[in-house]
Amino acid sequence: MSEILKDLDARGMLVQRSHEDEFDEHLASASRTVYCGFDPTAPSLHVGNLVPLMTLGRFQQCGHRPIVLVGGATGLIGDPSGRDEERQLNPTEVVDEWVTRLEQQTSRFVSFEGSNAALAVNNYDWASKTSLIEFLRDVGKHFSVNSLVQRDAVKTRLAREGGGISYTEFSYALVQAFDFLRLYRDFNCTVQIGGNDQWGNIVSGIDLIRRSEGGSSFALTLPLVERSDGKKFGKSTGGAIWLDPNLTSPYAFYQFWMNIDDADVRPFLRYFTYDDIDAIKAIADSHMAQPSRREGQRYLASQITKLVHGESALRSAERITEALFGGDVERLTAVDLAQLELDGVTSVRVGEQSDLLNGLVAAGLATSKGRARQLIEQGGIAVNGRKIANVGELLARNNALFGQYHLLRRGKKSWALFVHEHESIR
């Protein structure tokens, strides 16, 4: 096996690949160009995109050239794969904005410098310049409707009672196949990777290249990550875990990995770190010897948070974690507290001098003002690390951290953040 396929196989990441013997020789004999596409169906990529993104990085580390394709065109159509109903079609200007955001996010996973520098492309650049007649003659003529309706994504939709599929989504596989053809022609791209739900779409591109150009190309699909408890990977109580720090803070991102099940530590270390298999085995074995110490989760959280958000964001996430679980709030910065306001703890807006009793009720830390009074009298409330004894305590701006925040703790583990409005600039 070639170096990259050996690595992916050892990590349990090879699901399907085309022309196995030829594919292996193809990768082992020279540096190849490999692409993966990401459609802008939301303003950010999410943790489910990490497997293909990091796999592009693995290919680059093994000497191959990655292409990141952001689907400005396919994002306007909608991929039916893995969906029971039609996607909502977003306005062109919205998709354009999302394309820009996704292009920026992918730059953390591949290098755009060096002899095998990565390339970022947008399929809208060629799709928008291709006429309907050209597309039907140069692409559509190579596909049989009979074969297209046998694709899993189409069959599933047609089989549902009252279901169906629009011609728009039915055509998605052809548009993706056209992408592969264009990249083959323009950049000698011969390999496409993607999640296992993309197998049919990728094979369509291989067929088109063979029929149109007489060329050889290859497909490789990766696992759609699942959690050991059967719940959908990449979701939390607040929804999707985004890579954009303005949608999911680095602290919440870090905590997502800290809270994975022990049974997920070993496979997730294989999927989501660049460590070699022996190092991963050592970390996972050490973790399972004393799982209560959560060494595996902590290592995984630090590695992937640093990769996605950078060293500074990782340190911030670690500071916040230490403060909330250890009680030391003195080291928190204004940036740390802004992360908590976004999605770290319950956040409540307060006036210039708000009553703490009412604040406790508003934050859900007390069922009534009477219960709030009782908690204070029992010494169970601390604000900004200071235990409160006065039931008439006010949440005043002049006592706030950075003139804006009051971090309140009830007992040892219950937290809330009271936030003053930003002062206007005069």
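Our structure's up above, just so we're on the same page.
The following refers to the structure shown. (Residues numbered from 1 in each chain as written. Predicted model: local features only at pLDDT ≥ 70, side-chain atom pairs only at ≥ 80, totals over all residues. Heavy atoms only, no water.)

## Details of the overall build of the protein chain
Along its length, the protein chain carries 19 helices and 15 strands. Along the longest, intermediate and shortest principal axes, the C-alpha atoms of the protein chain span 80 × 50 × 50 Å. Within the protein chain, contacts between residues at least 6 apart in sequence are counted, and of these 72% link residues at least 24 apart. Per element, the accessible surface of the protein chain, about 20,300 Å² overall, is 46% carbon and sulfur. (Helix = DSSP H or I, 4+ residues; strand = E, 2+ residues; numbered from the N terminus. Contact = heavy atoms within 4.5 Å. Areas by Shrake-Rupley, 256 points an atom, 1.4 Å probe, with all protein chains shown as cover.)

## Things to note about the pairing of strand E3 (residues 65-70)
Counted residue by residue, E3 has five buried out of six residues, so it is predominantly covered. Relative to E3, strand E2 (residues 33-38) is paired through six bridges, and the arrangement is parallel. Note that in E3 the partner of Tyr35 across the bridge is Ile67. Handedness of the crossover joining E2 and E3 through helix H3 (residues 50-61) is recorded here as right-handed. (Buried < 20%, exposed > 50% of the residue type's maximum accessible area, 1.4 Å probe, protein only. Pairing = 2+ DSSP bridges. Right-handed = clockwise from strand over helix to strand, strands pointing away.)

## Thoughts on the pattern of salt bridges
Here the structure, examined in full by the defined rule, presents 20 salt bridges. The closest approach of N and O atoms between Glu20 and Arg17, which form a salt bridge, is 3.7 Å. The exposure class assigned to Glu20 is partly exposed, which follows from its relative accessible area of 45%. The residue Arg227 makes a salt bridge to Asp229 at a minimum N-O spacing of 2.8 Å. Classification of Asp229 by relative accessible area gives partly exposed; the value is 44%. The structure contains a network of salt bridges with shared partners spanning Lys306, Glu311, Arg315 and Glu318. (Salt bridge = Lys/Arg side-chain N within 4 Å of Asp/Glu carboxyl O.)

## Focus on the side chain of Thr305
Its place among the elements puts Thr305 in helix H15 (residues 295-309). When its relative accessible area of 0% is taken as the criterion, Thr305 is described as buried. Not counting the four nearest positions on each side in its chain, Thr305 is found in contact with Pro250, Phe253, Tyr254, Gly310 and Leu314.

## Describing the packing of helix H12 (residues 250-258) against helix H17 (residues 334-344)
As a packed pair, H12 and H17 sit with axes 8 Å apart at the nearest point and diverge in direction by 60 degrees. Contact residues: Pro250, Tyr251 and Ala252 in H12; Gln339, Leu340, Asp343 and Gly344 in H17. Here the residues of the contact of H12 with H17 are counted per class, giving four nonpolar, two polar and one charged. (Axes fitted to C-alpha atoms, helices over the stretch in contact; angles between N-to-C directions. Nonpolar A, V, L, I, M, F, W, Y, C, P; charged D, E, K, R; others polar.)

## Concerning the sheet that holds strand E14 (residues 405-410)
As summarised here, the arrangement of the five strands in space is E9-E15-E14-E11-E12, forming an open sheet in which the pairing is mixed. A single partner strand is all that each edge strand has here, and the edge strands are strand E9 (346-350) and strand E12 (386-387). One ladder, built from two bridges, connects strand E11 (residues 381-383) with E12; its direction is antiparallel. Paired with Val383 across the bridge in E12 is Arg386. Most of the contacts of H17 go to E14, to which it runs at about 65 degrees, and overall it touches E9, E14 and strand E15 (414-420).

## A few points about H12
Summarising burial for H12: nine of the nine residues are buried, a large majority. Along H12, the positions that sit buried rather than exposed are Pro250, Tyr251, Ala252, Phe253, Tyr254, Gln255, Phe256, Trp257 and Met258.

## What about the pairing of strand E5 (residues 189-195)?
The buried count for E5 comes to seven of seven residues, which makes it a mostly enclosed element. Two strands pair when backbone bridges link them, and E2 and E5 are joined in this way by three bridges, in the parallel orientation. Note on E5: the bridge partner recorded for Tyr35 is Gln192. Sheet topology note: the E5/strand E6 (residues 218-222) ladder contains five bridges and is parallel. Along E6, the bridge assignment pairs Ile193 with Leu220.

## As for helix H10 (residues 172-187)
With 16 residues, H10 should reach 22 Å at 1.5 Å per residue; the first-to-last C-alpha distance of 22 Å fits that figure. H10 sits mainly inside the fold: twelve of its 16 residues count as buried. Every buried residue of H10 is listed here: Tyr172, Ala173, Leu174, Val175, Gln176, Ala177, Phe178, Asp179, Phe180, Leu181, Leu183 and Tyr184. The first or second residue beyond H10 is Asn188, which carries a positive phi of 55 degrees. (Expected span 1.5 Å × (residues − 1).)

## Re the sheet that holds E2
In spatial order, the strands read E1-E6-E5-E2-E3-E4; together these six strands make up an open sheet with mixed pairing. Of all strands in the sheet, those bounded by a partner on one side alone are strand E1 (16-17) and strand E4 (119-122). Relative to the sheet, H3 contacts E2, E3, E5 and E6, its axis offset from that of E2 by approximately 165 degrees. Sheet strands touched by H10: E2, E3, E4, E5 and E6. Its angle to E5, the strand with the most contacts, is close to 145 degrees.

## Some words on the packing of H15 against helix H16 (residues 311-326)
Between H15 and H16, the shortest axis-to-axis distance is 7 Å and the interhelical angle comes to 135 degrees. Judged by the inter-axis angle, H15 sits oblique to H16. Along this stretch, H15 crosses H16, giving a crossing that reads as right-handed. The segment H15 lies against H16, with Ser302, Thr305, Lys306 and His309 engaging Glu311, Ala313, Leu314 and Glu318. When the residues that make up the contact of H15 with H16 are grouped by side-chain class, the tally is two nonpolar, three polar and three charged. (Parallel < 35°, antiparallel > 145°, perpendicular 65-115°, else oblique. Left-handed = near helix turned anticlockwise from the far one by under 90°.)

## Structural notes on unusual backbone geometry
Positioned with a positive phi, Arg294 is a non-glycine residue whose angle comes to about 60 degrees. A positive phi angle, close to 55 degrees, is found at Phe402, a residue other than glycine. Checked against the element boundaries, Phe402 lands in the loop between strand E13 (394-396) and E14.

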